[in-house]
Amino acid sequence: MPSGYFIIKQFVGEHTCGDASLSYSSSHSTSSFVGRLVSEDMRSDESKRPVEIMKDMKKDYGVEITYRRAWMAVKKARAHVYGDYMESFKELSWFVGAFRASNPDSMCVLERHDSEHFKRMFLGFAACKYGFTFCRPILFVDGTFLKSTHNGCLLSACAKDGNQGLYPLCLAVIDSENYENWYWFMEQLNDFLEDGRVLVFVSDRHDGLLQAVKQIFPSSPHSHCLVHLKENLKKRFGGLDNSKKKYLVNLFNLSAYAPTVREFEKLLNKLKKEGGVKVAAFLDTLDNEHWCHAYFPGKRYGELSSNLVECFNNWIKKERSLPITLLFDKIRLKIMEQMSARRSASMKWKGVICPIMEKKFKGLFNVSKTWAISRSSDDLYEVWCDPSVSVNIASRSCSCGEWQINSFPCAHAFCALKRGGGGGGGGGEFE
């Protein structure tokens, strides 16, 4: 037999180490060793958590490890796969230079506290800015925390595309969410957009954000997120039963959507009376022009919540745990792939309008099929339904108020446009 080889002639599978060997833990399962084991899993799932590592080690190897050891293993695995967090901050100057060289029309601003310590960074892509000129001028803004060892926050501004899909516009990473950083973000956003349109903002009521929008975009209406307002309202309900709570929330919704000041005031007074002192006091702290349609000075296109930007935060959930240079680059790739996929999908559309809007029009047609109209002038119609309403095509308004609220034809307006010839003289794909 060649030298260097050996033969096992007998194997005794019974341990003789005594009770000391009967343990679910192992001194060999160090954080470095576990980190090497899970590094490939970390490559496919950036958001792998210590609790999941603990479960995997128990399931796959029968070994129990502490939470701290699992946390250290995750940290080391991420550093092995994605690079060190501290080194990532040092690479930002290179990243900014490379970004500007390859995206000369895009915007990238990096600020530091000094030559070594990161402060904040803004990123806006030229392709997103160009596409936004074809979107409605309404922006959803919000901040979310990062999951790295150095914390920090990510601020973003998003819009909706023509098919009502999420459309990321720009983002920034800051050291903390406060007035100074929100003011700086709005300054960069203003410089980035160079948009002549009056923008409408939708967000929660973070004090720094509210002040920043008011100062940088003084002519822009600012809508407070209705979902956040309802959550704050519910905290004032106290020991009311569930049916009463639902009733009051419904009253609040009706107040927000009320098309006229008279109707709004009637509903609001009813809500204050039936909700009690705490509810009334909360409602008195709200500026009507920031949450209800009757007083809102701009067009919200039916958008009363900032849920869209919450969708963006969830969309980049895994990327939020990455080192900063990789974070920006991964988001860049996601946006690029999203644009490419939507471009390919739009090439297969058969209609002249986006599918979501086409579906809405078909729904309006089905609702209004049995209605009749009377023409008063070229633009003024009375639609015979229950109850009858008047529609003014020139001013894009309906006495039901829905056209003005959503900036999209209601069923009455659709009927007048279709049957009155305003939509092209009858016929068409909906008949």
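Residues numbered from 1 in each chain as written. Predicted model: local features only at pLDDT ≥ 70, side-chain atom pairs only at ≥ 80, totals over all residues. Heavy atoms only, no water.

### Let's talk about the sheet that holds strand 10 (residues 389-392)
Working definition: the strands of a sheet are paired by backbone hydrogen bonds and lie parallel or antiparallel to each other.
Thought 1: The strand order across the open sheet built from four strands is 8-9-10-11, with neighbouring strands paired in antiparallel fashion. The two strands at the open ends of the sheet, each matched to only one other strand, are strand 8 (372-375) and strand 11 (397-398).
Thought 2: Sheet topology places strand 9 (residues 380-384) next to strand 10; four bridges connect them, and they run antiparallel. Paired with Y381 across the two strands is V391, which belongs to strand 10. (Pairing = 2+ DSSP bridges. Helix = DSSP H or I, 4+ residues; strand = E, 2+ residues; numbered from the N terminus.)

### Considerations on the UniProt feature "domain: SWIM-type" (unreviewed entry) in the protein chain
Thought 1: Mapped onto this numbering, the UniProt entry gives "domain: SWIM-type" (unreviewed entry) at residues 389-421.
Thought 2: Taken end to end, residues 389-421 is 45% helix and 18% strand, and its first and last C-alpha atoms sit 18 Å apart. (UniProt positions renumbered as here; feature names shortened; annotations may be inferred.)

### So, the packing of aromatic side chains
Thought 1: Scanning the model with the defined rule gives 17 aromatic pairs in all.
Thought 2: Each member of the aromatic cluster is reached from another via a ring pair, and the members are F122, W182, W184, F185 and F192.
Thought 3: Looking at K360, its charged tip hangs above the ring of F408, at a distance of 5.3 Å from the centre. (Phe/Tyr/Trp six-rings, centres within 6.5 Å; stacked < 30°, edge-to-face > 60°. Lys NZ or Arg CZ within 6 Å of the ring centre and 35° of its normal.)

### Some details on the environment of Y183
Thought 1: For Y183, the position within the fold is in helix 7 (residues 179-193).
Thought 2: For Y183 and D207, which are 24 residues apart along the polypeptide, the C-alpha to C-alpha distance reads 11 Å.
Thought 3: Aside from chain neighbours lying at most four places away, what touches Y183 is A212, Q215 and I216. (Contact = heavy atoms within 4.5 Å.)

### Quick notes on the pattern of salt bridges
Thought 1: Applying the stated criterion across every chain, the model contains 13 salt bridges.
Thought 2: The shortest N-O distance in the salt bridge between R120 and E180 comes to 3.7 Å. Separated by 60 residues along the polypeptide, R120 in strand 2 (residues 118-124) and E180 in helix 7 bring together distant segments of the chain.
Thought 3: Here E180 falls in the partly exposed class, since its relative accessible area comes to 43%.
Thought 4: When the shortest N-O distance is used, the salt bridge between K334 and E319 registers 3.9 Å. Separated by 15 residues along the polypeptide, K334 in helix 14 (residues 324-346) and E319 in the loop between helix 13 (307-315) and helix 14 bring together distant segments of the chain.
Thought 5: Assessed through its relative accessible area of 7%, E319 is described here as buried. (Salt bridge = Lys/Arg side-chain N within 4 Å of Asp/Glu carboxyl O. Buried < 20%, exposed > 50% of the residue type's maximum accessible area, 1.4 Å probe, protein only.)

### Comments concerning the pairing of strand 6 (residues 200-203)
Thought 1: Neither face of strand 6 is open: one carries V200 and V202, the other F201 and S203, and all of them are buried.
Thought 2: Here strand 3 (residues 138-145) pairs with strand 6 via three bridges, running parallel. Among the inter-strand pairings, I138 is bridged to a residue of strand 6, identified as V200.
Thought 3: When strand 6 meets strand 7 (residues 222-224), the two strands line up parallel, connected through three bridges.

### A word on the sheet that holds strand 3
Thought 1: The sheet built from seven strands is open, its strands ordered 1-2-5-4-3-6-7 with mixed pairing. Unpaired on one side and paired on the other, strand 1 (107-112) and strand 7 mark the two borders of the sheet. On average, adjacent strands in this sheet sit at an angle of 20 degrees to one another, irrespective of strand direction.
Thought 2: Bridge count between strand 4 (residues 153-160) and strand 5 (residues 166-174): eight bridges; the pairing is antiparallel. In the strand pairing of strand 5, C158 is matched with P168.
Thought 3: On the sheet, helix 8 (residues 207-216) packs against strand 3, strand 6 and strand 7 and is oriented at approximately 160 degrees with respect to strand 7.
Thought 4: This element, helix 14, spans strand 2, strand 4 and strand 5 of the sheet and lies at about 175 degrees to strand 5. (Axes fitted to C-alpha atoms, helices over the stretch in contact; angles between N-to-C directions.)

### Quick word on the nonpolar core
Thought 1: Formed by 62 residues in total, the largest nonpolar core has its most connected members in F185 and M186.
Thought 2: If one sorts the elements of this core by residue count, strand 5 sits on top with eight residues.
Thought 3: F185 has contacts with F122, L155, S156, A157, C170, L171 and A172, leaving out every residue within four places of it along the chain.
Thought 4: Counting residues in hydrophobic clusters, the runner-up holds 22 residues, among them F237, L248, F282 and L283. (Core = buried A, V, L, I, M, F, W, Y, C linked by side-chain atoms within 4.5 Å.)

### A word on the packing of helix 10 (residues 242-257) against helix 11 (residues 261-275)
Thought 1: Helix 11 packs onto helix 10 with a crossing angle of 155 degrees between their chain directions and a minimal axis gap of 9 Å. Relative to helix 11, the element helix 10 is oriented roughly antiparallel. The chirality of how helix 10 crosses helix 11 is left-handed. Contacts between helix 10 and helix 11 involve K244, Y247, L248, L251, F252, L254 and S255 on the former and, on the latter, F264, L267, L268, K270, L271, E274 and G275.
Thought 2: Considered class by class, the residues forming the contact of helix 10 with helix 11 number nine nonpolar, two polar and three charged. (Parallel < 35°, antiparallel > 145°, perpendicular 65-115°, else oblique. Left-handed = near helix turned anticlockwise from the far one by under 90°. Nonpolar A, V, L, I, M, F, W, Y, C, P; charged D, E, K, R; others polar.)

### Describing the state of the cysteines
Thought 1: In the structure shown here, the tally under the stated rule is zero disulfides.
Thought 2: With no disulfide of its own, C225 lies 11 Å from the sulfur of C311, the closest cysteine sulfur.
Thought 3: For C225, a relative accessible area of 1% translates into the label buried.
Thought 4: The thiol sulfur of C311 is not disulfide-bonded, and the nearest other cysteine sulfur, from C158, lies at 9.3 Å.
Thought 5: The class of C311 is partly exposed, set by a relative accessible area of 46%. (Disulfide = S-S within 2.5 Å.)

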